[in-house]
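Each chain is listed here by its residues.
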Amino acid sequence: MKLFPLALGLSLATATGVLAQQPAGYRIRLDLEHVTNDRVKVVINTPTIQEDQATYVMPSVVPGSYSKKDYGRFVTGFKAFDKNGKTLKVKNDGPNLFVISNARQLARLEYLVDDTWDAKQDDQFIFQPGGTNIDAGRNFTINHYGFYGYFEGYKMQPYEVDVLKPATLYGATALSARRPSATQDVFTAPDYVTLADGPILYAQPDTASFSTGGARISVAVLSETGAVKAADVSRMLRPMSEALTRYFGKMPVPRYQFLFYFPSLNSPLSSEKGGYGAMEHSYSSLYFLPEVPDPARLQSMVLEVASHEFLHMLAPLNIHSREIGEFDFRNPQMSQHLWLYEGVTEYVSQLVQVQGGLTTPAEFQARIKQKIDKAEKHPAVSFTEMSKHILEAPYQDMYENVYDKGALIGLLLDIRLRELSQGRQTLRDVLLALREKYGPTRSFEDAALIPEIVALTNPEIGTFFGRYVQGAEPLPLAEYLGKIGWVYQPVANARIKAFGNLGFAYDQSKDQFRAAKTKPAQNAFGLAEGDVIVAVNNQALTMQNAEQLLRPLVEPATAEAVRLKFRHGSGGAVQELEATPKEFEVQVKNLVESVPSPTPTQQQLQDALLKGS
């Protein structure tokens, strides 16, 4: 979901002369060495204010996030001072605005910041990758917009953030950094937008890096139990990074920083509702993912999330509207192109994996089916209209659809482009052309993007956008998937092999796996809801091997028998039973499968899409 410098050592009595000499902009001091009541003190030497009244803005919404956060509610003890240390009058205007009188005399701000990760996980809770963590001596997760803001009208002035920190902690970030000593870091940015785009992860140093496609890729990891190491994550990410290099020809950025926080499964910081994920930034991404003990599951999770976030270096970093490039943190105006920023990004992240051999064509097809399943749960609306008003009801509740219908829009658009051009033009070509024209520092006008894409491609693409992106017509799934030799049916009868209607749930408090969503008559083992699974094929079931042992019970790949040890309830005797999967006639929603004998045209288009040939 989207995602500090130079110790002054000055007393108030001696600050006056230095303030007159300092460069324009904001000079911020964060003291991470002296944390009081889980709060960090922020001191800001302010730029010269030209107005009698100034409004200090803490962000309400931030890029890459599509709901209100109101970071100002975590600020306490806000005070403003003139150059002589005299306090100036301050009043609040809502949770995020601090209005300062006699602002021409303003020289310094001081306040305390509480972290967001420890807040109650209610409807106002901030998704961890977009929030802040203060864990004295161990970790500081710094999303800058959670610690400081800007003065209205002075957002584009330079920032220098001076961090005093424990010598044992290293601050990983994509920002420009100087490290004068073991206890001091200095981070700089030309403006608030750039600063907010570069989170910092302070932790015991655990880092790794590699190069591909002309870019240096760095990885920093904090794992609460030490189970996940940066070197391991780096090995997971390298093939995906190399696949991206092959897709683009070279990396769209010269450097990139992955920041990972892995809470333990029993961590008090873990999401109560199981919400994990990441926030994208132009040259980095920040992750909050569980310490999954099974290496295969861990790798699958990391790649699934990281491939999407990594691709945001193309859009919106290199391709974005003015609403994104000049983001208004106070009263944001949203772009109508979430189909591009999130949808196409998600599609390309899946495509790159299958083209790079990281997933199989069957897995790619299965993920497309999953996106169809999820997309149909949302009402049919104009995607551009939804995007433009994503912060408002009823569209805010449709946000998840940008990853599902948005990805399907990307797939169908790519198929149509390839078909119309006889394979000479792909969605990748369009993205690279837009990147070449715009890049990180140039924004497009929101209303001009779709006409520009049509001009780059074919008038028929304008019809596609008009009907399925700007309009609310259902996506032509059967027609377009048929072009690559896939069959799509909204409802179909199918025969499957299964052990019946059977699921499993993990009871964290007892470290047990239990049967779920089933009844004895509905599965081959006679399992009842809540029965404890002890062993599968004489292997004791643990969190480490759960994926390997339980997956074949839910999705059997063969007709082989499985021996299961289980007990009814927590105190029942252990029972043992062997069963084989049986064939069931079922009704399948959103069937997606390959035709047995595709035509040469279908095969050619499918190969070009899935193999990159």
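Basis of the calculations
Residues numbered from 1 in each chain as written. Predicted model: local features only at pLDDT ≥ 70, side-chain atom pairs only at ≥ 80, totals over all residues. Heavy atoms only, no water. Helix = DSSP H or I, 4+ residues; strand = E, 2+ residues; numbered from the N terminus. Rg over C-alpha atoms; globule rule 2.2 N^0.38 Å. Areas by Shrake-Rupley, 256 points an atom, 1.4 Å probe, with all protein chains shown as cover. Lys, Arg positive; Asp, Glu negative; His and termini not counted. Charge placed at Lys NZ, Arg CZ, Asp CG, Glu CD. Buried < 20%, exposed > 50% of the residue type's maximum accessible area, 1.4 Å probe, protein only. Axes fitted to C-alpha atoms, helices over the stretch in contact; angles between N-to-C directions. Left-handed = near helix turned anticlockwise from the far one by under 90°. Contact = heavy atoms within 4.5 Å. Nonpolar A, V, L, I, M, F, W, Y, C, P; charged D, E, K, R; others polar. Parallel < 35°, antiparallel > 145°, perpendicular 65-115°, else oblique. Pairing = 2+ DSSP bridges. pLDDT = per-residue confidence, 0-100. Polar contact = N/O pair within 3.5 Å; in protein donor to acceptor, adjacent residues only side chain to side chain.

Caption draft 1: Focus on the overall build of the protein. Regarding its fold elements, the protein presents 15 helices and 29 strands. Its C-alpha radius of gyration of 27 Å places the protein within 12% of the 25 Å reference for a compact globule of 613 residues. Counting only C-alpha atoms and orienting by the principal axes, one finds that the protein spans roughly 85 × 65 × 45 Å. Taken as a whole, the protein presents about 25900 Å² of accessible surface, with 49% of it coming from carbon and sulfur. A gap of 2 Å separates the mean positions of the 61 positive and 67 negative side-chain charges of the protein.

Caption draft 2: Representation of unusual backbone geometry in the model. The peptide bond linking Ala 315 to Pro 316 adopts the cis configuration, its omega dihedral lying at 15 degrees. Relative to the helices and strands, Pro 316 resides in the loop between α4 (295-311) and α5 (322-325). Each neighbour pair has its own omega, and for Ala 393 with Pro 394 the value is 0 degrees, a cis peptide bond. For Pro 394, the position within the fold is in the loop between α8 (383-388) and α9 (401-420). A positive phi angle, near 65 degrees, is found at Asp 38, a position not held by glycine. Relative to the helices and strands, Asp 38 resides in the loop between β1 (26-36) and β2 (39-45). For Asp 38, a relative accessible area of 26% gives the class partly exposed. A positive phi is found at Gln 422, a non-glycine position, where the angle reads about 55 degrees. Inspection of the secondary structure puts Gln 422 in the loop between α9 and α10 (427-437).

Caption draft 3: Molecular detail of the packing of helix α11 (residues 449-456) against helix α12 (residues 459-468). As a packed pair, α11 and α12 sit with axes 7 Å apart at the nearest point and diverge in direction by 145 degrees. When the axes of α11 and α12 are compared, the crossing they make is right-handed. Listed contacts from α12 to Ile 450, Ile 453 and Val 454 of α11 are Pro 459, Ile 461, Gly 462 and Phe 465. Partitioned by chemical class, the residues of the contact of α11 with α12 number 6 nonpolar, 1 polar and no charged.

Caption draft 4: Region of the structure containing the packing of helix α6 (residues 338-355) against helix α15 (residues 600-611). Direction vectors running N to C along α6 and α15 enclose 100 degrees, while the axes themselves pass 7 Å from each other. What the angle tells us is that α6 and α15 run roughly perpendicular. Judged by residue contacts, Tyr 347, Leu 351, Val 354 and Gln 355 of α6 engage Ala 608, Leu 609, Leu 610 and Lys 611 from α15. Tallied by class, the residues present in the contact of α6 with α15 amount to 6 nonpolar, 1 polar and 1 charged.

Caption draft 5: Inspection of the sheet that holds strand β13 (residues 170-173) at higher detail. What the 4 strands build is an open sheet, ordered β9-β10-β16-β13; its pairing is antiparallel. Strand pairing shows two members of the sheet lacking a second neighbour, β9 (133-135) and β13, which therefore form its edges. Recorded for the sheet is a direction-independent mean angle of 15 degrees between the axes of neighbouring strands.

Caption draft 6: Molecular detail of the confidence of the model for the protein. Of the residues in the protein, 96% reach a pLDDT of 70 or more, and the chain-wide mean stands at 92. Note that pLDDT drops below 50 for residues 1-22; the model gives that stretch 73 contacts with residues more than four away or on any other chain.

Caption draft 7: Structural detail: the environment of Lys 371. With respect to the element layout, Lys 371 can be found in helix α7 (residues 361-375). The class of Lys 371 is buried, set by a relative accessible area of 10%. For Lys 371 and Leu 391, which are 20 residues apart along the polypeptide, the C-alpha to C-alpha distance reads 23 Å. Every residue in contact with Lys 371, bar those within four places of it in the chain, is listed here: Glu 346, Gln 350, Tyr 403, Asp 404, Ala 407 and Leu 408. Reaching out from Lys 371, the side chain makes a polar contact with the backbone oxygen of Tyr 403 at a distance of 3.2 Å.

Caption draft 8: Looking closely at the sheet that holds strand β11 (residues 150-151). Strand order in the open sheet formed by 4 strands is β6-β7-β3-β11, and the pairing between neighbours is antiparallel. Two strands lie at the open edges of the sheet, namely β6 (90-92) and β11, each paired on one side alone. Where strand β3 (residues 54-57) and β11 come together, 2 bridges link them in antiparallel fashion. Paired with Tyr 56 across the strands is Phe 151, a residue of β11.

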